[in-house]
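In case you want the letters, here they are:
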Amino acid sequence: MKQLSLIIILICSQFLSGCVEKEILDDLYVETGKAYDYVGENKIRGTALFPIYLSDKSIQNGTLSAEASSTREVLEKLERRAQQPLVRGSLDVVLIGEELAKKGIIDIGDSLQRDASVGARVYITITEGEAGELIKGNYGLRGNGTYLSNLITHNITRRELPETNLHLFLFDYFQEGQSAYLPILKKLTNESVAITGVALFDKDKMIKKIPADDMFFFKLLVDKLAEGSHVIKMGKKPGAAEKIVEASVTSLISKHKIIIKHKADPVEVTMRIKVRGIVREYTGKKLTPDKVGEVEKKMEKDIEDKCLTMLKEFQELGIDPVGIGQNQKHGIRGFDIKEWKESIYPRVKFNVDANVMILEAGTVE
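Residues numbered from 1 in each chain as written. Predicted model: local features only at pLDDT ≥ 70, side-chain atom pairs only at ≥ 80, totals over all residues. Heavy atoms only, no water.

Would you explain the packing of helix α8 (residues 215–222) against helix α9 (residues 289–317) in this entry?
Helix-helix packing: each pair is described by the crossing angle between the helix axes and the interaxial distance. Contact geometry for α8 and α9: axes closest at 10 Å, N-to-C directions at 75°. As judged from the angle between their axes, α8 and α9 are roughly perpendicular. Along the contact surface, α8 presents F216, F217, F218, L220 and L221, while α9 presents M299, D302, I303, K306, C307, M310, L311 and F314. Classifying every residue of the contact of α8 with α9 gives 11 nonpolar, no polar and two charged. (Axes fitted to C-alpha atoms, helices over the stretch in contact; angles between N-to-C directions. Helix = DSSP H or I, 4+ residues; strand = E, 2+ residues; numbered from the N terminus. Parallel < 35°, antiparallel > 145°, perpendicular 65-115°, else oblique. Contact = heavy atoms within 4.5 Å. Nonpolar A, V, L, I, M, F, W, Y, C, P; charged D, E, K, R; others polar.)

Structure representation (structure tokens):
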């Protein structure tokens, strides 16, 4: 009986394996990146990036470009120009030029989410200048798509970039009381790229940049730090005309809590931010317990002042990347999003309460 069952399984497996269409990797253009730019009225340029594996085991970055009125038409034109089939199952990153981002990008996001071969965790980024030019560089040894994807992942997990991907962007876009945001990339040289800030959106249109120097404070408001660093300027060094005392706080861990007084008039919102870290470097004479206390107080004040300024800027622009409206929606029965946007959110009173604790301090002079 067991032998009969085994024979049946083997026969079935032979039939099933014959149903799968086999393709050779070298006979495909496997897209790892895509770039879109605005080139004129109702026209965009799409650039596909794919690795070409050479005989010496090195990787060459191949690209194809086409112009059309929609992302679907761009894809069709690219297919007609490719000598091998283009597949998007390994797409790591999609770059969108700043000019196109200011006109609206939901068509690109919708096209990506409707393609079953594209994963929801693919990164979407905005570029300073043309996205097509950035994607044509020569970054790293593993291909441009992998390089750009690793760059974003590193800055999310270990630096000040909030978590972001296709799924999160579309979730924020469709969510009532929440505004979307995406990282901004800039081509420095033909061999290097940097994250230069965060793009803020009103629906699907980019309307503001958070510069790189303020990304730390923005992440405190919208995400949590699992690791990272921040330099605090403590004032002038005694006896030195220009020398500024600095404290470098690393291994930062943070979390925030939004507290809303729903029935207050105006509605009052308090952001409570907790930060824990270690002082790794101090340029003053000696890092005493009193000095550690000063570092904590100075960092708390920096966080409170900068985050409060950001919240008020978001309020003036009518955007809500922090998701205060979403929190308000869950706290009030019969929430009216139109009333919130037009008459409640513009009058919200903001408070920021920061609590910083230095868990460990070295004695670096």
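Which parts of the structure should I look at to understand unusual backbone geometry?
Note on backbone geometry: most residues besides glycine have negative phi, and most peptide bonds are trans. A cis amide bond, omega 0°, links D265 with the succeeding residue P266. Mapped onto the secondary structure, P266 falls in the loop between β12 (244–261) and β13 (268–282). Unusually for a residue other than glycine, N42 sits at a positive phi of about 60°. For N42, a relative accessible area of 61% gives the class exposed. (Buried < 20%, exposed > 50% of the residue type's maximum accessible area, 1.4 Å probe, protein only.)

Looking at this model, I keep getting lost on α9. Mind explaining?
In an α-helix, one full turn covers 3.6 residues, which means residues spaced three or four apart are oriented alike. Helix length check: α9, at 29 residues, gives a terminal C-alpha distance of 42 Å against a target of 42 Å (1.5 Å per residue), a fit within 8%. Every buried residue of α9 is listed here: V292, V295, E296, M299, E300, I303, C307, M310, L311, F314 and Q315. Looking one or two residues past α9, G318 carries a phi angle of roughly 75°, positive in sign. (Expected span 1.5 Å × (residues − 1).)

I keep staring at the sheet that holds strand β11 (residues 229–236) and nothing clicks. Help me out?
Strand pairing in a sheet is mediated by backbone hydrogen bonds. Such pairs are either parallel or antiparallel. Taking strand neighbours across the sheet as the criterion, the four strands line up as β11-β12-β13-β14 in an open arrangement whose pairing is mixed. Two strands bound the open sheet, and with one partner strand each, they are β11 and β14 (349–361). For this sheet, the mean inter-axis angle between neighbouring strands, taken without regard to orientation, is 35°. Sheet analysis places β12 next to β13, joined by 13 bridges and oriented antiparallel. Its bridge partner lying in β13, S254 is registered against V275. Strands β11, β12 and β13 of the sheet are contacted by α8, whose axis makes an angle of about 30° with β12. (Pairing = 2+ DSSP bridges.)

Help me out: how do you make sense of the layout of surface pockets in this one?
Think of a ball as big as a water molecule: rolled over the atoms, this probe shows where empty space is left. Size it by volume and the largest pocket reaches roughly 360 Å³. Along its surface, the largest pocket is lined by 16 residues, and D172, Q178, Y181, V222 and V322 are the ones closest to its centre. With four residues, helix α7 (residues 166–174) is the single largest residue contributor to the lining of the largest pocket. Split into classes, the residues belonging to the lining of the largest pocket amount to seven nonpolar, six polar and three charged. (1 Å grid on protein atoms, 1.4 Å probe; cavity = no way out; pocket = protein on both sides within 12 Å on 5 of 7 lines; lining within 4 Å. Points joined across faces, edges and corners; volume = space filled by probe spheres on them.)

Looking at this model, I keep getting lost on the packing of helix α4 (residues 106–113) against α7. Mind explaining?
The N-to-C vectors of α4 and α7 enclose an angle of 125°; their axes lie 11 Å apart at closest approach. In terms of orientation, α4 lies oblique with respect to α7. Where α4 crosses over α7, the two elements pack in a sense that is left-handed. Residues I106, G109, L112 and Q113 of α4 lie in contact with α7, whose contacting residues are L166, L170 and Y173. When its residues are assigned to classes, the contact of α4 with α7 shows five nonpolar, two polar and no charged. (Left-handed = near helix turned anticlockwise from the far one by under 90°.)

So what exactly am I meant to see when it comes to the packing of aromatic side chains here?
Here the distance between the centres and the angle between the planes together describe a pair of aromatic rings. Summed over the entire model, instances satisfying the criterion amount to 10 aromatic pairs. Ring geometry for Y29 versus F50: centroids 4.0 Å apart, planes at 15°, classification stacked. A residue pair is termed long-range when its members are at least 10 positions apart, and Y29 in strand β1 (residues 29–30) and F50 in strand β3 (residues 43–53) qualify at 21 residues. Accessibility classification places Y29 together with F50 in one group, the buried group. Here the aromatic cluster, defined as three or more aromatic residues joined through ring pairs, consists of F335, W340, Y345 and F350. Across from the ring centre of Y38, 4.6 Å away, lies the NZ or CZ of K103, which sits over that ring. One residue, K203, lies across the ring of Y173, its end atom 4.5 Å from the ring centre. (Phe/Tyr/Trp six-rings, centres within 6.5 Å; stacked < 30°, edge-to-face > 60°. Lys NZ or Arg CZ within 6 Å of the ring centre and 35° of its normal.)

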